[in-house]
Amino acid sequence: MKHLEDRVALVTGATRGIGRGIAIGLAEAGATVYVTGRSLNNSSSDAVSGSLGETQSTIEEAGGVCIPVQVDYSDDEQVRLLFERIQDEQDGQLDLLVNNAYSGVEAIRNAFGQPFWDCEPSLWDASNNVGLRSHYVASVFAARMMTKRKSGLICTISSWGSMFHIFNTAYGVGKAACDRLAADMAVELKPHNVASVSIWPGIVGTELFSRFASEMNQTNATEPKNSLISDRYNWETPLLTGRVIAALACEPNLMRRTGRVQIVAELADKYGIVDENGDCPASLRSLRFVLPTALPILRNYSWLIPDIKMPWSLLLLSALSSPKI
């Protein structure tokens, strides 16, 4: 169903991974999608590299409308010029911004298992420059367009890592800040009928994360948290997040969700959306995920476990609350 026809969307960081999946999901729903990233064409021999040209080809082969724009999100001037272009080409219309650009995946991979003091301070910038800071900058320009039209949605891609220690300190702080960014923007945008939400995918099998999992397999990772990655248990494809955001953008009472975390697997269940491979991944707070995480032997029988969500109050008992009083 083309329920996003006549809508204009911008996805930052859409050359590969989750950004590419989001762009495809929005185009699949009929939106005109501006896809942005640093690589216009793939000139690398790296098996996990991607390009805007490849994203455009995939979208257009599926009958979607895609406008690729080469942008380095570490350069504010390039970001400003991007929004000027959308302003001119779309007569001021921008219905949806997806803040996804992120430069920290390779740095996280290289620093995996090391305490923060054994890593170079540059790990912080790799995690939170093109990521947290670039999300703020893009939102500034998007909000200037959306508030004039009294309509719009800003989705900031975050992570369960804002609640639990997953990779490293710099990553967790950045994701927690993304959630706060979405929430604080929502307060100021609400009088203008513009929504801002934080999106939590599950474990997404992007190109880089798949390579990461393969490397963990080779090291015979046995710790339950690590084996969860190497076993590829309950993974989502990048397209699921795109399909969920496309459905979310069409909610008639969208403003009731503003300022809150939206969990991809739970919205997919609510909307009746299946993943690219036909699967229905469980939320990371579902017993269907939690029990097999603790007892790997259950992973082959997860369909027998009820899809019961752990209450937030119970989940928070083991979360990293900050600040603690």
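These remarks concern the structure in this document.

### Notes on the overall build of the protein
- For the protein, the count of helices and strands is 12 helices and nine strands.
- Taking all 325 residues of the protein together, the buried fraction comes to 51%.
- Of the contacts made within the protein by residues no fewer than 6 positions apart, 71% connect residues no fewer than 24 positions apart.
- Working note: accessible area of the protein is about 15500 Å², and carbon and sulfur atoms make up 53% of it.

### Quick look at the packing of helix α3 (residues 76-89) against helix α5 (residues 122-149)
- Contact geometry for α3 and α5: axes closest at 10 Å, N-to-C directions at 30°. As far as their axial angle goes, α5 and α3 are roughly parallel. In terms of crossing hand, the pair formed by α3 and α5 is right-handed. Packed against α3, whose contacting residues are Asp76, Val79, Arg80, Phe83, Ile86 and Gln87, the element α5 presents Arg133, Val137, Ala138, Phe141, Ala142 and Met145 at the interface.

### Re the environment of arginine 133
- Relative to the elements of secondary structure, arginine 133 occurs in helix α5.
- Ignoring sequence-local partners within four residues, the contact set of arginine 133 consists of Asp76 and Asn128.

### What to know about helix α6 (residues 169-189)
- Look at α6: 30 Å from first C-alpha to last across 21 residues, which is about the 30 Å you get at 1.5 Å a residue.
- Listed as buried for α6 are Ala170, Tyr171, Gly172, Gly174, Lys175, Cys178, Asp179, Leu181, Ala182, Met185, Ala186 and Leu189.
- On its buried face, α6 sits against α4 (105-111), α5, β5 (152-157), β6 (194-200) and β9 (261-263).
- Sitting at the head of α6, asparagine 168 places a side-chain oxygen 3.2 Å from the backbone nitrogen of alanine 170.

### Some details on the pairing of strand β1 (residues 8-11)
- Because side chains alternate across β1, one face comprises the buried residues Val8 and Leu10, and the other comprises Ala9 and Val11, equally buried.
- The pairing of β1 with strand β2 (residues 32-37) spans four bridges and is classified as parallel. Opposite valine 11, over in β2, you have valine 35 as the bridge partner.
- Handedness of the β-α-β unit built from β1, helix α1 (residues 17-28) and β2 comes out right-handed.
- Pairing of β1 with strand β4 (residues 96-99) involves three bridges; the strand directions are parallel.

### With respect to the sheet that holds β1
- What the seven strands build is an open sheet, ordered β3-β2-β1-β4-β5-β6-β9; its pairing is parallel. Here the strands that pair on one side only, and so sit at the sheet edges, are β3 (65-70) and β9. Each strand of the sheet is rotated relative to its neighbour by a mean of 20°, with strand direction disregarded.
- When β2 meets β3, the two strands line up parallel, connected through six bridges. Following the sheet pairing, glycine 37 is matched in β3 by glutamine 70.
- With respect to the sheet, α5 is in contact with β4, β5 and β6, its orientation differing from that of β4 by roughly 175°.
- Lying over the sheet, helix α10 (residues 264-271) contacts β6 and β9, oriented at roughly 65° with respect to β9.

### Some details on unusual backbone geometry
- The backbone phi angle of aspartate 91 is positive, close to 55°, even though this residue is not glycine.
- Residue placement: aspartate 91 occurs in the loop between α3 and β4.
- Positioned with a positive phi, lysine 150 is a non-glycine residue whose angle comes to about 55°.
- Assignment of secondary structure puts lysine 150 in the loop between α5 and β5.

### A look at the nonpolar core
- Judged by nonpolar contacts, the single largest core of 38 residues is most densely connected at Leu26, Leu153 and Ile245.
- The greatest single-element share of this core, amounting to six residues, is contributed by helix α9 (residues 238-248).
- In contact with leucine 26, other than residues within four places in its own chain, are Leu4, Ala9, Val11, Ala31, Val33, Leu96, Val98, Gly242, Ile245 and Ala246.
- Formed by 27 residues, the second largest nonpolar core is a distinct cluster that contains Tyr34, Tyr73, Val137 and Leu189.

### Here's the deal with the packing of aromatic side chains
- As enumerated under the stated definition, the model contains seven aromatic pairs in all.
- With a centroid separation of 6.1 Å and an interplanar angle of 70°, the aromatic rings of tryptophan 200 and tryptophan 312 are classed as edge-to-face. Here tryptophan 312 lies in helix α12 (residues 312-315) and tryptophan 200 lies in strand β6, a separation of 112 residues in the sequence.
- Taken together through their ring pairs, the aromatic side chains of Trp160, Trp200 and Trp312 make up a single cluster.
- Sitting over the face of the ring of tyrosine 102, lysine 175 holds its NZ or CZ atom 4.5 Å from the ring centroid.

Here is what the cut-offs are and how they apply
- Residues numbered from 1 in each chain as written.
- Predicted model: local features only at pLDDT ≥ 70, side-chain atom pairs only at ≥ 80, totals over all residues.
- Heavy atoms only, no water.
- Helix = DSSP H or I, 4+ residues; strand = E, 2+ residues; numbered from the N terminus.
- Buried < 20%, exposed > 50% of the residue type's maximum accessible area, 1.4 Å probe, protein only.
- Contact = heavy atoms within 4.5 Å.
- Areas by Shrake-Rupley, 256 points an atom, 1.4 Å probe, with all protein chains shown as cover.
- Axes fitted to C-alpha atoms, helices over the stretch in contact; angles between N-to-C directions.
- Parallel < 35°, antiparallel > 145°, perpendicular 65-115°, else oblique.
- Left-handed = near helix turned anticlockwise from the far one by under 90°.
- Expected span 1.5 Å × (residues − 1).
- Polar contact = N/O pair within 3.5 Å; in protein donor to acceptor, adjacent residues only side chain to side chain.
- Pairing = 2+ DSSP bridges.
- Right-handed = clockwise from strand over helix to strand, strands pointing away.
- Core = buried A, V, L, I, M, F, W, Y, C linked by side-chain atoms within 4.5 Å.
- Phe/Tyr/Trp six-rings, centres within 6.5 Å; stacked < 30°, edge-to-face > 60°.
- Lys NZ or Arg CZ within 6 Å of the ring centre and 35° of its normal.

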